[in-house]
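So you can see what is in the structure, the chains are spelled out below.
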Amino acid sequence: GPVHYDPNTKLFSKPDSYPVDPEAPPANSDIQALSCDRNKNVWMGSAGNGAYLYDVTQKKYKHFLPDKNNPYAIGDDIVNCICTDQHGNTWFGAGHYALQQWDPARGFVSYPFAEKDSLVYGVYTIAKEGEDNLLLGMLTGEVIRVNITT
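A short tour of the structure in this document, coming up. Here the structure is a predicted model, which means the values were calculated and not measured. (Residues numbered from 1 in each chain as written. Predicted model: local features only at pLDDT ≥ 70, side-chain atom pairs only at ≥ 80, totals over all residues. Heavy atoms only, no water.)

### Looking at the environment of alanine 33
Here is step 1: With respect to the secondary-structure elements, alanine 33 resides in strand S3 (residues 31-36).
Here is step 2: Each C-alpha atom of the pair alanine 33 and threonine 125 lies 9.4 Å from the other, and the pair is 92 residues apart in sequence.
Here is step 3: If near-sequence neighbours (up to four positions away) are discounted, alanine 33 is found in contact with Trp43, Met44, Gly45, Val79, Asn80, Cys81 and Ile82. (Helix = DSSP H or I, 4+ residues; strand = E, 2+ residues; numbered from the N terminus. Contact = heavy atoms within 4.5 Å.)

Below, the structure is given as structure tokens:
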């Protein structure tokens, strides 16, 4: 399960809410993606159990799973990558699903771009480029540049 590193003591410890918090990742979680958002909360992506958010203020977890009946759910139970951009937006590449952006008011919003407002599928990695672009490494081997301000 997740642990906290204290740079002052140079020690690792379990967060206060772990393992009592039922939303926390189980001890056998395969966490494969991490990102801190603008509020210093920790986003975690798993290889088969969706996404987790650790709220540092409330010291609680929130678990996000795909839901075919909810258009604002995380797109897949496999979260390949997470990236927080220069504007404080947090982006997700989930399984074979599209690029998604976290919107606290709605949830995970699929990001349309390119010709015909199509969605790009199979985002494997995300990197920031300059002020307004993301680079997406695709499962197909392509690298796609996305302007996030348009």
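### Some remarks on the sheet that holds strand S5 (residues 51-55)
Here is step 1: If you walk across this open sheet you meet the four strands as S3-S4-S5-S6, and the pairing is antiparallel. Here the strands that pair on one side only, and so sit at the sheet edges, are S3 and strand S6 (60-64). Each neighbouring strand pair of the sheet contributes to a mean axis angle of 20°, computed without reference to strand direction. (Pairing = 2+ DSSP bridges. Axes fitted to C-alpha atoms, helices over the stretch in contact; angles between N-to-C directions.)

### Quick word on the sheet that holds strand S12 (residues 133-138)
Here is step 1: Here we have three strands laid out as an open sheet, ordered S11-S12-S13, and antiparallel in their pairing. Each edge of the open sheet carries a strand with a single partner, namely strand S11 (123-129) and strand S13 (143-147). Taken over all neighbouring pairs, the strand axes of this sheet differ in orientation by 25° on average, direction set aside.
Here is step 2: Inspection of the sheet shows S11 paired to S12 by six bridges, in the antiparallel sense. In the sheet register, lysine 128 faces S12, and the bridge partner there is leucine 134.

### Thoughts on the pairing of strand S7 (residues 79-84)
The side chains of a regular strand alternate between both faces of the sheet.
Here is step 1: With six of six residues buried, S7 lies mostly within the body of the structure.
Here is step 2: Relative to strand S8 (residues 90-94), S7 is paired through five bridges, and the arrangement is antiparallel. Its bridge partner lying in S8, cysteine 83 is registered against tryptophan 91.
Here is step 3: Two successive antiparallel strands, S7 and S8, enclose a turn made up of five residues, where glycine 88 displays a positive phi of approximately 90°. (Buried < 20%, exposed > 50% of the residue type's maximum accessible area, 1.4 Å probe, protein only.)

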